[in-house]
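Architecture at a glance
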2 protein chains.
Amino acid sequence: METIERVQKHKEALTAEYSEAIPGLTALARSMVRELDPLDDLEFLRVRSAKHEIMVAPREW
Amino acid sequence: METIERVQKHKEALTAEYSEAIPGLTALARSMVRELDPLDDLEFLRVRSAKHEIMVAPREW
């Protein structure tokens, strides 16, 4: 049971860390879009890594 | 003919501006992924705005 718990804890920790890092990346993506075209806006950001897939829809906030 | 040329010029200018901005965003996304898991790496970044869709596959460089 101990291993499963450890894996679960690791996943939770990683999720928390990602949720801390994502707003900064989203803010940069949004400012890039708006700087290039003030009438445009960021709708979706998808970060695919070898191990994870993160999808951000800023409008849902 | 003049309008089409103007639209074409605008598209080319915007593409050039995006290609200047994208490396910075990609670098931040990559460092975020690696910071959270040094064994992981960024494979794909997709930025969808109301007007454009930008897809970045850093490994292709």
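So, here's what we can say about the structure. (Residues numbered from 1 in each chain as written. Chains lettered and ligands numbered in written order. Predicted model: local features only at pLDDT ≥ 70, side-chain atom pairs only at ≥ 80, totals over all residues. Heavy atoms only, no water.)

1. Focus: the packing of helix 1 (residues 2-36) of chain A against helix 1 (residues 2-36) of chain B
The relative placement of two packed helices is expressed as an angle between their axes plus a distance between the axes. At a closest axis distance of 10 Å, the pairing of helix 1 of chain A and helix 1 of chain B adopts a crossing angle of 170°. Looking at the two axes, helix 1 of chain A sits roughly antiparallel to helix 1 of chain B. Residues A:Leu14, A:Glu17, A:Tyr18, A:Ala21, A:Ile22, A:Gly24, A:Leu25, A:Leu28, A:Ala29, A:Met32, A:Val33 and A:Leu36 of helix 1 of chain A lie in contact with helix 1 of chain B, whose contacting residues are B:Leu14, B:Glu17, B:Tyr18, B:Ala21, B:Ile22, B:Gly24, B:Leu25, B:Leu28, B:Ala29, B:Met32, B:Val33 and B:Leu36. Class assignment for the residues of the contact of helix 1 of chain A with helix 1 of chain B results in 20 nonpolar, two polar and two charged. (Axes fitted to C-alpha atoms, helices over the stretch in contact; angles between N-to-C directions. Helix = DSSP H or I, 4+ residues; strand = E, 2+ residues; numbered from the N terminus. Parallel < 35°, antiparallel > 145°, perpendicular 65-115°, else oblique. Contact = heavy atoms within 4.5 Å. Nonpolar A, V, L, I, M, F, W, Y, C, P; charged D, E, K, R; others polar.)

2. Brief notes about the relation of the copies chain A and chain B
For the match of chain A to chain B, the screw axis carries a shift of 0.0 Å, the RMSD comes to 0.0 Å, and the turn is 180°. In the structure described here, the two chain copies are related by an operation that fits a two-fold rotation axis. Of the C-alpha atoms belonging to chain A, the one lying closest to the rotation axis is found on A:Arg46, 2.5 Å away. Residue by residue, 100% of the interface of chain A is reproduced at the interface of chain B, so both copies engage with the same surface. (Least-squares fit on C-alpha atoms with pLDDT ≥ 70 in both.)

3. Focus: the interface of chain A and chain B
Of the residues lining the interface, 28 residues belong to chain A; the matching set on chain B comes to 28 residues. Taken together, both faces of the contact between chain A and chain B bury some 2500 Å²; the carbon and sulfur share is 65%. Our enumeration of links across chain A and chain B arrives at two salt bridges. Here B:Asp37 and A:Lys51 are joined by a salt bridge, their closest N and O atoms 2.8 Å apart. Only helix 1 and strand 1 (42-49) of chain A provide two or more residues apiece to the side of chain A that touches chain B. Of all the elements, helix 1 of chain A adds the most residues to the side of chain A that touches chain B, at 12 residues. Looking at the side of chain A that touches chain B, its residues break down into 17 nonpolar, three polar and eight charged. (Buried area = accessible area lost by both parts, 1.4 Å probe. Salt bridge = Lys/Arg side-chain N within 4 Å of Asp/Glu carboxyl O.)

4. Some words on the environment of B:Leu28
Tracing the backbone shows B:Leu28 in helix 1. Expressed as a C-alpha distance, the spacing of B:Leu28 and B:Gln8, which sit 20 residues apart in the sequence, is 31 Å.

5. A word on the nonpolar core
Core analysis: the largest hydrophobic core is formed by 26 residues, its most contacted members being A:Met32, A:Val47, B:Met32 and B:Val47. Contributions of two or more residues to this core are made by helix 1, strand 1 and strand 2 (53-56) of chain A together with helix 1, strand 1 (42-49) and strand 2 (53-56) of chain B. Not counting the four nearest positions on each side in its chain, A:Val47 is found in contact with A:Leu25, A:His52, A:Glu53, A:Ile54, B:Met32, B:Val33, B:Leu42, B:Phe44 and B:Leu45. (Core = buried A, V, L, I, M, F, W, Y, C linked by side-chain atoms within 4.5 Å. Buried < 20%, exposed > 50% of the residue type's maximum accessible area, 1.4 Å probe, protein only.)

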